[in-house]
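Given next are the chains, with one letter for each unit.
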Amino acid sequence: QLRGMRDSGLVAAVCDDMVVRVYDIAARKLSRRLAGHTAEVLDVCFSVDGRRLLAAASDATLRVWDLPTGRCLDWIKFETPVLAMAMSLSGEFLCTAQADKEGIFMYTDRSMFEHVDLSLEPTAAAPVDRPAPQERLREEEGDEDDDDVDDD
């Protein structure tokens with residue numbers, strides 16, 4: 001699989017050895033070799049500014065790579081594998097389609113709203129915080145209304 005970043009002239013190539021290689025088209029050379037995945041890489045996408053590359057693997061993890069340094073900035077664990085993803089034009093949201101799930105899921109980039117320490121590379125995948133489905137929220141709200149009823 002190949003994914004290009006038009007403005008930067010970079011192309012990410014997903015290889016069978018679970019390594020993502022980023023090539024600089026203008027220089028005609030390998031720019032970064034992003035190793036660390038332990039399962040098949042299913043999809044990759046560049047951030048809008050071209051500084052980061054996101055790579056999702058079949059073990060339901062996603063890694064966020066810093067392209068200028070080649071470091072892994074974040075390592076995230078989902079409930080099911082991410083099959084396809086895209087960044088919003090603002091770079092604020094990640095939209096995903098996940099295995100065995102209906103719909104498109106949107107996640108917010110925490111670094112836009114709070115301080116995130118990027119000095120240490122992650123040593124384990126962090127589980128994604130997911131909001132409760134709307135149906136469950138409605139049920140819980142209904143339960144709270146029942147608690148307010150006075151039996152007197």
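Here's a quick rundown of the structure. This one's a predicted model, so the numbers in the text were calculated from it and none came from an experiment.

## Re the packing of aromatic side chains
Going through the model one piece at a time under the given rule, you end up with 1 aromatic pair. Here the aromatic rings of Phe78 and Tyr107 are separated by 5.3 Å at their centres, their planes lie at 75 degrees, and the arrangement is edge-to-face. Pair noted here: Phe78 is in the loop between strand 8 (71-77) and strand 9 (82-87) and Tyr107 is in strand 11 (residues 105-108), with a separation of 29 residues, a long-range link. You'll find Phe78 and Tyr107 in the same group, each marked buried.

## Side note on the environment of Trp75
Tracing the backbone shows Trp75 in strand 8. Residue Trp75 is classed as buried on the basis of its relative accessible area, which comes to 18%. C-alpha of Trp75 to C-alpha of Ala126: the two residues are 51 residues apart in sequence and 6.3 Å apart in space. Apart from the residues within four sequence positions on either side, Trp75 is in contact with Thr61, Leu62, Arg63, Pro122, Thr123, Ala124, Ala125 and Ala126.

## Structural notes on the side chain of Thr80
Structurally, the position occupied by Thr80 is in the loop between strand 8 and strand 9. Owing to a relative accessible area of 13%, Thr80 belongs among the buried residues under this scheme. For Thr80, the side chain forms a polar contact with the main-chain oxygen of Ala99, separated by 2.9 Å. Among all residues touching Thr80, those that are not within four sequence positions of it are Ala60, Gln98, Ala99 and Lys101.

## Description of the pairing of strand 2 (residues 10-14)
Moving residue by residue along a regular strand, the side chains alternate between the two faces of the sheet. Summarising burial for strand 2: 5 of the 5 residues are buried, a large majority. Side chains of strand 2 alternate between two faces, with Leu10, Ala12 and Val14 and Val11 and Ala13 buried alike. In the sheet, strand 2 pairs with strand 3 (residues 20-24) via 5 bridges, with the strands oriented antiparallel. Among the inter-strand pairings, Leu10 is bridged to a residue of strand 3, identified as Asp24.

## A word on the sheet that holds strand 10 (residues 93-98)
Read across the open sheet, the 3 strands follow the order 9-10-11; overall the sheet is antiparallel. At either margin of the open sheet sits one strand with a lone partner, and together these are strand 9 and strand 11. Direction aside, neighbouring strands of the sheet carry axes that sit 25 degrees apart on average. Across 4 bridges, strand 10 lies against strand 11 in antiparallel orientation. Residue pairing across strands places Thr96 opposite Phe105, the latter belonging to strand 11.

## Let's talk about the pattern of salt bridges
Counted by the stated rule, this structure contains 4 salt bridges. Ionic pairing is found between Asp17 and Arg21, a salt bridge with its closest N-O pair at 2.8 Å. A residue is classified by how much of its surface remains accessible, and Arg21, at 15% relative accessible area, is buried. In this structure, Lys101 and Glu79 form a salt bridge, with 3.0 Å as the shortest nitrogen-oxygen distance. Here the residue Lys101 occupies a position in the loop between strand 10 and strand 11, and Glu79 occupies one in the loop between strand 8 and strand 9, the gap between them amounting to 22 residues.

## Quick notes on the sheet that holds strand 5 (residues 41-46)
What the 5 strands build is an open sheet, ordered 5-6-7-8-12; its pairing is mixed. Pairing within the sheet leaves two strands with one partner each, and these edge strands are strand 5 and strand 12 (126-127). Looking at chain direction, strand 5 and strand 6 (residues 52-57) are connected through 5 bridges and run antiparallel. Along strand 6, the bridge assignment pairs Cys45 with Leu54.

The rules behind these values
- Residues numbered from 1 in each chain as written.
- Predicted model: local features only at pLDDT ≥ 70, side-chain atom pairs only at ≥ 80, totals over all residues.
- Heavy atoms only, no water.
- Phe/Tyr/Trp six-rings, centres within 6.5 Å; stacked < 30°, edge-to-face > 60°.
- Helix = DSSP H or I, 4+ residues; strand = E, 2+ residues; numbered from the N terminus.
- Buried < 20%, exposed > 50% of the residue type's maximum accessible area, 1.4 Å probe, protein only.
- Contact = heavy atoms within 4.5 Å.
- Polar contact = N/O pair within 3.5 Å; in protein donor to acceptor, adjacent residues only side chain to side chain.
- Pairing = 2+ DSSP bridges.
- Axes fitted to C-alpha atoms, helices over the stretch in contact; angles between N-to-C directions.
- Salt bridge = Lys/Arg side-chain N within 4 Å of Asp/Glu carboxyl O.

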